[in-house]
Amino acid sequence: MLEFNNVSKSFWTGTQRKVILDRVSFRVELGTSLGILAPNGTGKTTLIKMMAGLEKPDEGVINRYCNVSFPLGFMGGVVNRHSAQENCRYIAKLYGLDPDYVEAYCRWLCNLDEYFNQPLGVYSSGMRARFTFSLMLALDFDIYLIDEGMPNSTDVSFNKKAGDILAERLRTTTIIIVSHQAESTKPRQSGFRSRIARRLKRSAVAYGAPNCPKAWLAV
């Protein structure tokens, strides 16, 4: 379970203080995947970084009673001057996993061919997205965090494999996705069969279908 207790977060923009969360409390139970819809600039990435432990709240407590992934697309854990092979083997060791397995899984899923042995610094944005998403799925987490939906890739084979794996993970794990587009959280796009939340204001979350958020949870 992932739990926010009376959490507040804000930033100073140079002219005013921007409030991201204001005394928010909610929990995500294992087995119940969650989508959060909100416009750009409202703090979705900050929220998901807080879930991962990459950002600290100004006030309140965030409890993690399970293994929570790094956000999809987060590049802070990989080094540009090292190859995908070197990065995935090093991160596998950090998580206590078999480096050979993690390397083989990433090679199979992201399908970068000879680029897998080249530095990440030469990758296109699509190649980097494929690698980081593959790396995330190669690791064993109870909750997977996804910022703005699936990686932006035109590789049909990768999209199919990654989509099938993500749908399968929904049966045994929990996925939290934040996006400004309802399409990213529709069942046919991301495999979501659980609740969808729409952040309509800083201190409330609505639960229901993306086009009909009627059930409210005050937080």
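For the structure itself, consult the block above.
Residues numbered from 1 in each chain as written. Predicted model: local features only at pLDDT ≥ 70, side-chain atom pairs only at ≥ 80, totals over all residues. Heavy atoms only, no water.

Undergrad: Describe the side chain of Ser134, and please don't skip the residues or the numbers.
TA: Positionally, Ser134 belongs in helix H4 (residues 125–138). Residue class for Ser134 comes out buried when judged on its relative accessible area of 0%. In this structure the side chain of Ser134 is engaged in a polar contact, spanning 2.7 Å, whose partner is the backbone oxygen of Arg130. Apart from residues no more than four positions distant in its own chain, Ser134 is found in contact with Tyr105, Cys106, Leu109, Cys110 and Phe158. (Helix = DSSP H or I, 4+ residues; strand = E, 2+ residues; numbered from the N terminus. Buried < 20%, exposed > 50% of the residue type's maximum accessible area, 1.4 Å probe, protein only. Polar contact = N/O pair within 3.5 Å; in protein donor to acceptor, adjacent residues only side chain to side chain. Contact = heavy atoms within 4.5 Å.)

Undergrad: Please give an account of unusual backbone geometry that cites residues and values.
TA: Here Asn6, not a glycine, exhibits a phi torsion of approximately 55°, which is positive. Within the secondary structure, Asn6 sits in strand E1 (residues 2–12). One non-glycine residue, Asn111, lies in the positive phi region at around 55°. Among the structural elements, Asn111 can be located in the loop between helix H3 (99–110) and H4.

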